[in-house]
Amino acid sequence: MSAQERVVRAMGGYARLWVADGDLSGAQELLAEVDARLTRFDPASDLCTLNADPAEAVAVHPIVGRFVAAAIDAARRTRGLVDATLGREIVAAGYADDWAGPALSLDTALGEAPRRRPARPALSARWRRLWVSPDRTRVRRPPGVILDSGGIGKGLAADLMAGDLGGGRFVIDVLGDLRVDAGDGPAIEVAVEHPLRDEPAHAFRLRRGAIATSGIGRRLWHDAIGEPAHHLLDPSTGRPAWTGVISATAVGRTAIEAEALAKAALLSGRQAGRRLLARMGGVLIGEDGRVDIVPALAVVAARAAA
Amino acid sequence: MPNAIPATRWVAILTVVAVLAVFSFLALRMRAGDDPSIGMLARSGASTSSPTTDEDATQDLFGDDTTNDDSTTNTDAQSGSAPSSQTPSPTPTTRAS
């Protein structure tokens, strides 16, 4: 069997799948299924059906159960900073359809944005009332809570596809959330996009693992009251977060972990964001375009010992 | 009992104590929100031992299906050359979407 590569439309963008020696059919089917079940832009999707269900406990497909489990874990590990229960707030902010929105440049948005400050968890902590059964087929949440699959859905899709491929040498890129495995070959180089420049901000070499980026540069719009808006919300206010960081990239063992770390780092601001990324490495890019590379602790320790 | 505290005063005292407790709780929660990295880093990788129910449902997340921690090797390898092998791999880019 030879190398395969596929570019697939999914989740409002394009996913790119590559395997050195294997079959991508199963992974591609998984991606389509995750997309169909978790999108909040199709009223018939599993996620929308769950969100609309007035019952507190609802039977769900295991993919939806895994998403809810991932949402609980992401919230717990970030103390509520990554909060998937903000579905109502993201719609209120103007992100109601699967479109990029009227073009609003990052420069304009940053010029009009309110005072910068780190985001904080919501005092209501609705995510604490989420529950999923061990077999992922039942979910409990307060009726009326609207779940947003967001980045966790992308990470879950990448992780499920990586699990389907098992091993070998592959690259799974779900709209910038990556799972890679170098197999027996050399490490795979992953570039980090700089939102303000044409050249990459950095490059990582990964043997096996994940990397994800969270940023505010691609989808910007004016909300109903004319304020600049994007899709990364401060849970404490339910409004777009303006922290001084425009892009955060995190390395993780799974794409879900990398996604949650990246989002939490961006929401935390530069100082706390660095601490979040320190264990496994990452990159922060500020509004001024400055690139802050955070080496992984293991690399720092190896350098010190050398 | 001339020194007995009137019931109304007890109510006032208990009200003040309750208000102080609520404010202390809220202050602690807001303080925790200042630095989510504390809990996150301290508990990274610990979920494999999560016991039952809620914890159990999340045990396959955050890296439990991977086998090593070397995913960050050469994190400072910006100057490194692209990998070359008999099976060339693409150079993917991570980006916000």
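See the structure printed just above.
Report on the accompanying structure. (Residues numbered from 1 in each chain as written. Chains lettered and ligands numbered in written order. Predicted model: local features only at pLDDT ≥ 70, side-chain atom pairs only at ≥ 80, totals over all residues. Heavy atoms only, no water.)

Before going further, it helps to examine the overall build of chain B. Across its full length, chain B carries three helices and one strand. Counting from the amino terminus, helix and strand elements in chain B follow one another as α-α-α-β. Counting all 97 residues of chain B, 26% fall into the buried class. Carbon and sulfur atoms form 62% of the exposed surface of chain B, whose accessible area is close to 6100 Å². (Helix = DSSP H or I, 4+ residues; strand = E, 2+ residues; numbered from the N terminus. Buried < 20%, exposed > 50% of the residue type's maximum accessible area, 1.4 Å probe, protein only. Areas by Shrake-Rupley, 256 points an atom, 1.4 Å probe, with all protein chains shown as cover.)

What follows is about the layout of surface pockets. Residues and elements named next belong to chain A. The computed volume of the largest pocket comes to approximately 640 Å³. Lining the largest pocket we find 36 residues, and of these Y95, D148, S149, G150 and G151 sit closest to its centre. At the level of secondary structure, the elements contributing two or more residues to the lining of the largest pocket comprise α1 (25-38), α6 (150-165), β10 (208-215) and α7 (255-268). It is α6 that provides the largest number of residues to the lining of the largest pocket, a total of five residues. Along the lines of polarity and charge, the residues of the lining of the largest pocket split into 16 nonpolar, eleven polar and nine charged. (1 Å grid on protein atoms, 1.4 Å probe; cavity = no way out; pocket = protein on both sides within 12 Å on 5 of 7 lines; lining within 4 Å. Points joined across faces, edges and corners; volume = space filled by probe spheres on them. Nonpolar A, V, L, I, M, F, W, Y, C, P; charged D, E, K, R; others polar.)

In this section: the pairing of strand β15 (residues 245-252) of chain A. Residues and elements named next belong to chain A. Along β15, eight of the eight residues are buried, which leaves the element largely enclosed by surrounding structure. The pairing of β10 with β15 spans six bridges and is antiparallel. Counted as the bridge partner of G215 is S247 from β15. (Pairing = 2+ DSSP bridges.)

Residues and elements named next belong to chain A. Per the counting criterion, the structure on display carries two cavities of 30 Å³ or more. Space inside the second largest cavity adds up to approximately 30 Å³. Mapped onto the lining of the second largest cavity, the elements with two or more residues apiece are α6 and α7. In terms of residues, the lining of the second largest cavity owes the most to one element, α7, which gives three residues. Class assignment for the residues of the lining of the second largest cavity results in three nonpolar, one polar and two charged.

This next bit is on the environment of P6 of chain B. Relative to the helices and strands, P6 of chain B is located in the segment before α1 (7-34). Taking the C-alpha atoms as reference points, P6 of chain B and T91 of chain B, 85 residues apart in sequence, are found 78 Å from one another.

Moving on to α7 of chain A. Residues and elements named next belong to chain A. Between its first and last C-alpha atoms α7 spans 20 Å; for 14 residues at 1.5 Å apiece the expected length is 20 Å, and the two agree. Of all 14 residues that make up α7, 14 are buried, and the element is covered over most of its length. One or two residues past the end of α7 sits G269, with phi positive at roughly 90°. (Expected span 1.5 Å × (residues − 1).)

Residues and elements named next belong to chain A. Formed by 97 residues in total, the largest nonpolar core has its most connected members in L31, F67, L147, M161, I172, V174 and I216. Those residues in contact with I216 that sit more than four places away from it in its chain are L106, L110, H230, L232, W242, V245, I246 and L266. By size, the runner-up hydrophobic cluster in this structure holds seven residues, among which are I90, A93, W221 and L233. (Core = buried A, V, L, I, M, F, W, Y, C linked by side-chain atoms within 4.5 Å. Contact = heavy atoms within 4.5 Å.)

Residues and elements named next belong to chain A. One pass over the full model with this rule turns up two aromatic pairs over all chains. Here F41 and Y95 contribute two aromatic rings whose centre-to-centre distance is 5.9 Å and whose plane-to-plane angle is 45°, an arrangement assigned as tilted. Linking F41 in the loop between α1 and α2 (46-52) with Y95 in the loop between α4 (87-92) and α5 (106-112), this pair joins segments that are 54 residues apart in sequence. Between Y95 and W221, the aromatic rings sit 5.5 Å apart at their centres with planes inclined by 50°, giving tilted as the arrangement. In this pair, Y95 is assigned in the loop between α4 and α5 and W221 in strand β11 (residues 221-222), connecting sequence segments 126 residues apart. Relative accessible area serves as the criterion here: at 10%, Y95 is assigned to the buried category. Of the residues examined, W221 reaches a relative accessible area of 2% and is grouped as buried. A cation over a ring is seen here: R9 above Y14, with NZ or CZ 5.2 Å from the ring centre. For the cation-ring pair, R140 lies above W131, with the distance from its terminal atom to the ring centre recorded as 4.2 Å. (Phe/Tyr/Trp six-rings, centres within 6.5 Å; stacked < 30°, edge-to-face > 60°. Lys NZ or Arg CZ within 6 Å of the ring centre and 35° of its normal.)

Before going further, it helps to spend a moment on helix α3 (residues 62-77) of chain A. Here α3 of chain A is 16 residues long and its end C-alpha atoms lie 22 Å apart, about the 22 Å a rise of 1.5 Å per residue gives. Of all 16 residues making up α3 of chain A, 14 are buried, and the element is well covered by its neighbours.

Here three strands make up an open sheet; going across it, the order is β9(A)-β8(A)-β1(B) and the pairing mixed. Two strands lie at the open edges of the sheet, namely β9 (202-206) of chain A together with β1 (93-94) of chain B, each paired on one side alone. For strand β8 (residues 188-192) of chain A and β9 of chain A, the ladder comprises five bridges, and the chain directions are antiparallel. Bridge pairing links V192 of chain A to H202 of chain A in β9 of chain A.

Below, the discussion takes up the sheet that holds strand β4 (residues 131-132) of chain A. All names here are of chain A. Read across the sheet, three strands follow the order β3-β5-β4 without closing on themselves; strand pairing throughout is antiparallel. The open sheet has two edge strands, β3 (57-59) and β4, and neither has a second partner. Across two bridges, β4 lies against strand β5 (residues 138-140) in antiparallel orientation. Paired with V132 across the two strands is V139, which belongs to β5.

Residue and element names in this part refer to chain A. Between α1 and α6, whose axes approach to 9 Å, the crossing angle comes to 155°. One element, α1, and the other, α6, form an angle in the roughly antiparallel class. For the crossing formed where α1 meets α6, the hand is right-handed. Along the contact surface, α1 presents G26, A27, L30, L31, V34 and L38, while α6 presents G153, L156, A157, L160, M161 and D164. Residues belonging to the contact of α1 with α6 are distributed by class as follows: nine nonpolar, two polar and one charged. (Axes fitted to C-alpha atoms, helices over the stretch in contact; angles between N-to-C directions. Parallel < 35°, antiparallel > 145°, perpendicular 65-115°, else oblique. Left-handed = near helix turned anticlockwise from the far one by under 90°.)

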